[in-house]
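Listed below are the residues making up each chain.
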Amino acid sequence: MAQIRLIRIDFRLIHGQVITKWFGSTMSNEIVIIDDDLSKDDFMTSIYEMSAPPGAKVTVYDVENAVKQWNENELGNGKLLVLFKNVQQAYKAYQLGFPFKELQIGGLGSAPGRKVVFGPITMDDADAKMLKEMNESGVFVYLHQVPEEGKMEFSKVLEKNEFNI
């Protein structure tokens, strides 16, 4: 049975902070990326596999297959760092029954219509609505870039920002 050490949304997926900070601090040995688009792109999947720390296993699933694999064998026996590229993919997994206890928001890039809510992390109304539903159902949602810096509970984001949700 796999142990989920961290579930993180970060639009960059595997990058410096994830490799140097989160992978080690969670004592993970496998990175699971859950993303519908990436699961269909063998070239980009190979780039992410090469970007992982030495000895780390990288597996990429589409959302439905990730939930199916969790239900069948709990994604194997690893110590998992689970990454999503965006809120929509995490929310879809949540709706299909992926086991979220906590969800860390580490990086959501900027774009028109998005608000800066914590450091460089941005959200739009759709993100806030989905995260609010998850948070209210018992998933502890929080924003946290790197282990040595502070974090913010999602409920505080809603208190400090106005979203149309």
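Below, the structure is looked at part by part. (Residues numbered from 1 in each chain as written. Predicted model: local features only at pLDDT ≥ 70, side-chain atom pairs only at ≥ 80, totals over all residues. Heavy atoms only, no water.)

A short note on the overall build of the protein chain
Thinking step 1. Secondary structure summary: the protein chain contains six helices and nine strands in total.
Thinking step 2. Every one of the 165 residues in the protein chain was classed for burial, and the buried ones make up 47%.
Thinking step 3. The contacts of the protein chain with a sequence gap of at least 6 include a subset with a gap of at least 24, amounting to 70%.
Thinking step 4. On the protein chain, roughly 8300 Å² of surface is accessible, and the fraction owed to carbon and sulfur atoms is 49%.
Thinking step 5. Taking the average location of the 18 positive side-chain charges in the protein chain and that of its 23 negative ones, the two points are 4 Å from each other. (Helix = DSSP H or I, 4+ residues; strand = E, 2+ residues; numbered from the N terminus. Buried < 20%, exposed > 50% of the residue type's maximum accessible area, 1.4 Å probe, protein only. Contact = heavy atoms within 4.5 Å. Areas by Shrake-Rupley, 256 points an atom, 1.4 Å probe, with all protein chains shown as cover. Lys, Arg positive; Asp, Glu negative; His and termini not counted. Charge placed at Lys NZ, Arg CZ, Asp CG, Glu CD.)

Concerning the packing of aromatic side chains
Thinking step 1. Tallied over the entire structure, the rule returns seven aromatic pairs.
Thinking step 2. Considering the side-chain rings of Tyr 91 and Tyr 94, the 5.9 Å spacing of their centres and the 35 degrees angle between planes classify their relative orientation as tilted. With Tyr 91 and Tyr 94 both in helix H4 (residues 87-96) and three residues apart, this pair spans about one turn of that helix.
Thinking step 3. Using a relative accessible area of 12% as the deciding quantity, one classes Tyr 91 as buried.
Thinking step 4. Taking 5.2 Å as the distance between ring centres and 25 degrees as the angle between the ring planes, the aromatic pair formed by Phe 140 and Tyr 142 counts as stacked.
Thinking step 5. The class of Phe 140 is partly exposed, set by a relative accessible area of 29%.
Thinking step 6. Through successive ring pairs, a cluster of aromatic residues spans Trp 70, Phe 84, Tyr 91, Tyr 94, Phe 98 and Phe 100.
Thinking step 7. It is Lys 115 that lies over the ring of Phe 163; its NZ or CZ is 4.7 Å from the centre.
Thinking step 8. A cation sits over an aromatic face here: Lys 151 above Tyr 142, 4.9 Å from the ring centre. (Phe/Tyr/Trp six-rings, centres within 6.5 Å; stacked < 30°, edge-to-face > 60°. Lys NZ or Arg CZ within 6 Å of the ring centre and 35° of its normal.)

A look at the side chain of Gln 104
Thinking step 1. The topology assignment puts Gln 104 in strand S5 (residues 102-107).
Thinking step 2. There is a polar contact of 2.5 Å between the side chain of Gln 104 and the side chain of Arg 8.
Thinking step 3. Every residue in contact with Gln 104, bar those within four places of it in the chain, is listed here: Leu 6, Ile 7, Arg 8, Ile 9, Trp 22, Tyr 142 and His 144. (Polar contact = N/O pair within 3.5 Å; in protein donor to acceptor, adjacent residues only side chain to side chain.)

Description of the pattern of salt bridges
Thinking step 1. Scanning the entire structure with this criterion turns up seven salt bridges.
Thinking step 2. A salt bridge links Asp 127 to Arg 114; the shortest N-O distance between them is 2.7 Å. Highlighted residues: Asp 127 in helix H5 (residues 125-136) and Arg 114 in the loop between S5 and strand S6 (115-118), separated in sequence by 13 residues.
Thinking step 3. In this structure Asp 127 comes out as buried when scored by relative accessible area, which is 2%.
Thinking step 4. Judged by its relative accessible area of 22%, Arg 114 falls in the partly exposed class.
Thinking step 5. The partner of Lys 132 in a salt bridge is Glu 136, and the shortest N-O contact between them spans 3.8 Å. Note that Lys 132 and Glu 136 are positioned in helix H5 at a spacing of four residues, about one turn of the helix.
Thinking step 6. Residue Lys 132 is classed as partly exposed on the basis of its relative accessible area, which comes to 29%.
Thinking step 7. With relative accessibility at 61%, the residue Glu 136 sits in the exposed group.
Thinking step 8. Three or more residues joined by partner-sharing salt bridges are found here, namely Arg 8, Asp 10 and Arg 12. (Salt bridge = Lys/Arg side-chain N within 4 Å of Asp/Glu carboxyl O.)

Thoughts on the nonpolar core
Thinking step 1. Counting 38 residues, the largest nonpolar core has Phe 98, Phe 100 and Leu 103 as the members making the most contacts within it.
Thinking step 2. The dominant element in this core, judged by the number of residues it contributes, is H4, at five residues.
Thinking step 3. Here Phe 98 is in contact with Ile 4, Ile 7, Ile 34, Ala 66, Val 67, Trp 70, Leu 75, Val 82 and Ala 93, once residues within four sequence places are set aside.
Thinking step 4. With 17 residues, the next largest nonpolar core counts Leu 6, Trp 22, Ile 31 and Leu 38 among its residues. (Core = buried A, V, L, I, M, F, W, Y, C linked by side-chain atoms within 4.5 Å.)

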